[in-house]
Structure formats: C-alpha cells, structure tokens
Amino acid sequence: TGQRDETLDSLGVNYFAANLLEEGTNQYSANQMADQLAMLGTDFSISPGTDFTYISIDGLTLSSEKIIDLFSEIIFKPAFKDTEFIKLKKQVQSGIKKLQDSPSQLADMKINQIMFNEHPFAYPLFGNEKSVTKLKRVDIIKHFLKYYRPNNSYLAVTGALTDEIENKVIEVF
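Below is a summary of the structure that appears in this document. (Residues numbered from 1 in each chain as written. Predicted model: local features only at pLDDT ≥ 70, side-chain atom pairs only at ≥ 80, totals over all residues. Heavy atoms only, no water.)

Moving on: the overall build of the protein. From N to C terminus, the protein includes eight helices and two strands. Starting at the N terminus and walking to the C terminus, you meet the elements of the protein as α-α-β-β-α-α-α-α-α-α. Within the protein, the fraction of its 173 residues that count as buried is 38%. Taking the intrachain contacts of the protein between residues at least 6 apart in sequence as the baseline, contacts between residues at least 24 apart amount to 75%. Carbon and sulfur atoms make up 52% of the accessible area of the protein, which amounts to about 10500 Å² in all. Side-chain charges in the protein split into 18 positive and 23 negative, and the spacing between the mean points of these groups amounts to 11 Å. (Helix = DSSP H or I, 4+ residues; strand = E, 2+ residues; numbered from the N terminus. Buried < 20%, exposed > 50% of the residue type's maximum accessible area, 1.4 Å probe, protein only. Contact = heavy atoms within 4.5 Å. Areas by Shrake-Rupley, 256 points an atom, 1.4 Å probe, with all protein chains shown as cover. Lys, Arg positive; Asp, Glu negative; His and termini not counted. Charge placed at Lys NZ, Arg CZ, Asp CG, Glu CD.)

So, about the pattern of salt bridges. Considering all chains together, one arrives at four salt bridges under this definition. Among the salt bridges present, the one from Arg 4 reaches Asp 5, with a minimum N-O distance of 3.3 Å. Measuring nitrogen to oxygen at the nearest pair gives 3.3 Å for the salt bridge that ties Lys 87 to Glu 84. Taken together, the residues Lys 87 and Glu 84, both in helix H4 (residues 82–99) and three residues apart, mark about one turn of the helix. Taking the relative accessible area as the measure of exposure, Lys 87 reaches 43% and is therefore partly exposed. Take Glu 84: its relative accessible area is 14%, and that puts it in the buried class. (Salt bridge = Lys/Arg side-chain N within 4 Å of Asp/Glu carboxyl O.)

Where helix H1 (residues 13–20) contacts helix H7 (residues 137–147), the axes come no closer than 9 Å and their chain directions differ by 85 degrees. With respect to their mutual orientation, H1 and H7 come out roughly perpendicular. Across the interface between the two elements, Val 13, Asn 14, Phe 16, Ala 17 and Leu 20 of H1 pack against Asp 139, Ile 140 and His 143 of H7. Of the residues belonging to the contact of H1 with H7, the class tally is five nonpolar, two polar and one charged. (Axes fitted to C-alpha atoms, helices over the stretch in contact; angles between N-to-C directions. Parallel < 35°, antiparallel > 145°, perpendicular 65-115°, else oblique. Nonpolar A, V, L, I, M, F, W, Y, C, P; charged D, E, K, R; others polar.)

Moving on: the side chain of Gln 36. Examined against the element boundaries, Gln 36 turns out to sit in helix H2 (residues 30–39). Assessed through its relative accessible area of 18%, Gln 36 is described here as buried.

It is worth spelling out the packing of helix H3 (residues 64–76) against helix H8 (residues 163–172) at this point. Orientation of H3 relative to H8, taken along the N-to-C sense of each, is 15 degrees, at an axis distance of 10 Å. One element, H3, and the other, H8, form an angle in the roughly parallel class. Taken as a pair, H3 and H8 cross one another with a handedness that is right-handed. Contacts between H3 and H8 involve Ser 64, Glu 65, Ile 68, Asp 69, Ser 72 and Phe 76 from the former and Ile 165, Lys 168, Val 169 and Val 172 from the latter. When its residues are assigned to classes, the contact of H3 with H8 shows five nonpolar, two polar and three charged. (Left-handed = near helix turned anticlockwise from the far one by under 90°.)

So, in structure tokens, the structure goes:
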C-alpha cells in the first residue's frame, strides 16, 4: 500500500501507519524492540512511498529464527500506541511548519499540486496541515487492517537459506 490508496480526506494515513509499525508491538515497547533488533545486529527499515511501502529486515543467518519472529511481531502485531501516535503527529506538524522556510521544498510541493491537481500525489507523503490535524489513531488502525495484509503483499527472502529457515518463514507468514 502507498499514498495511492489514500483519499483527500485521509492524506498521510499510510505514512503514519508505516512509521508507527516499529514504535512498539503487543509484546515490545519501541525501546524494547529497538534493543532486540540491535542485539541481533539487524538493519530494519520502513519506507512508505507513493505506490507501495517497503519494509525490510537484514541480519545474520545465525539469528534468522529470532529475526523472523521479530519481523512478524512488527508487521502483524503493531500496538499503534496513543503516546507514539501523538509524538509522531507533533513531529510531522513541526516538519510541515518548517517547510514554510524552504523555498525549494515549497516549489516542489506547488509543482506536484499543479501536476496532480486533486489527487493524493499532489501532497507530501505525510499529508498536509489539515489532514494531519484531523488524523486519529483509529484511522491508522483501519488503514493498517485494510491494506497491510498478506494478500496485498510480496515477501522476498534472500541469503543462505536452509530448509529450516524456509519452513519457519512458511509457518510464520
């Protein structure tokens, strides 16, 4: 899923959903998750985009079982905690205000508005001041439940794969 799945009334919802995935799950707080990933020496990233959201984790084969468990915990059981949502919302709102001081970014946004008119692509991935202000935690949860589904996803696993790893991936995903 990406910005293309948003409406003018839900601008930024995918950006928020994607960025809140790693901010805690049912089992781990954001700090605990970061500690778990760091202990395994993994590289975890989420990149929401216009057409799709890319989520990846990279680590040593030695830790593959635990990495698979953590990755599935992040993408299947996000907590979308209210405190993390409010914190991200404030950061985005500050970023939107900061944009007003950047002529080149304002020009880029204006070009997108001219090119895409009243389509979500006319706006930044994180939405605009109006959409971010009215965005609620429940909107993010609904978006997540609708679009972050296995039938709407591709899963690629690369590296030194064994039958054990393959079976674990099939079992979990």
